[in-house]
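Take a look at the letters that make up each chain.
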Amino acid sequence: GESVGLHLPTLSVQEGDNSIINCAYSNSASDYFIWYKQESGKGPQFIIDIRSNMDKRQGQRVTVLLNKTVKHLSLQIAATQPGDSAVYFCAETEGTYKYIFGTGTRLKVLA
Amino acid sequence: DTAVSQTPKYLVTQMGNDKSIKCEQNLGHDTMYWYKQDSKKFLKIMFSYNNKELIINETVPNRFSPKSPDKAHLNLHINSLELGDSAVYFCASSRGSSIGAQHFGDGTRLSIL
């Protein structure tokens, strides 16, 4: 079936450490993947994306890794800050108009 | 300067009532969406519209009727509200002509009494 899931529902990280949030997807035909950050009371906000013809993409303090062999996606956040505390979602696209979201991981940054 | 705006932000109503949620985007996107987020934060697509045409209807009960008067607006009307409709509803938009990330509104929290 179609599903995008996360291994860890809650991740607690010390401020300044690196965070790694994982995501497993099931549709091997998906060709575009996105990470979103959702803060309390807000809508999901785009962080970084990656196409299936890439295995790594870097942004400011964030890196997305894609392993198509095992259908795994990860988001790495360097030097995690209190403002990074949020729920993080991975999403994959099925065609141009359908986005399938994972179940979300709550990131807690400890001072 | 809000890119995707939804109204109202909160909606509290009785079971059986009919209500509407409005969404507008000023990004010039041609594709708009409605999502439902349940209490466990699971986000599920309900509808997507491209150039005012319905593209995706994810087996949503026909009590839910989206309407897109133009490319910048996608409203959601819900008839005969049920307890299970309690959730946060998010509107989003994207440039549908090519794959790209969606921009989300801040959600409408619907509570059914």
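Read on for an overview of the structure.

Conventions used here
Residues numbered from 1 in each chain as written. Chains lettered and ligands numbered in written order. Predicted model: local features only at pLDDT ≥ 70, side-chain atom pairs only at ≥ 80, totals over all residues. Heavy atoms only, no water. Contact = heavy atoms within 4.5 Å. Buried area = accessible area lost by both parts, 1.4 Å probe. Salt bridge = Lys/Arg side-chain N within 4 Å of Asp/Glu carboxyl O. Polar contact = N/O pair within 3.5 Å; in protein donor to acceptor, adjacent residues only side chain to side chain. Helix = DSSP H or I, 4+ residues; strand = E, 2+ residues; numbered from the N terminus. Buried < 20%, exposed > 50% of the residue type's maximum accessible area, 1.4 Å probe, protein only.

## Things to note about the interface of chain B and chain A
- Facing the 26 residues of chain B at the interface are 23 residues of chain A.
- Taken over both partners, the interface formed by chain B and chain A buries close to 2,000 Å², and the fraction arising from carbon and sulfur atoms is 58%.
- For chain B, the biggest contributors to the area lost against chain A are Lys41(B), Leu43(B) and Ile99(B); these three give 30% of the whole.
- Summed over the shared surface of chain B and chain A, the number is two salt bridges.
- Lys42(A) is paired through a salt bridge with Asp106(B); the nearest N and O atoms lie 4.0 Å apart.
- Summed over the shared surface of chain B and chain A, the result is six residue pairs in polar contact (both at pLDDT 80 or more).
- Contributions of two or more residues to the side of chain B that touches chain A are made by strand E4 (31-37), strand E5 (43-50), strand E6 (53-57) and strand E9 (87-94) of chain B.

## Quick notes on the pattern of salt bridges
- In the structure shown here, the tally under the stated rule is nine salt bridges over all chains.
- Residues Glu94(A) and Lys98(A) are paired through a salt bridge, measuring 3.7 Å at the closest nitrogen-oxygen approach.
- Given the relative accessible area of 30%, Glu94(A) is considered partly exposed.
- Here the salt bridges share partners, and the residues they tie into one network are Glu94(A), Lys98(A), Lys44(B) and Glu58(B).

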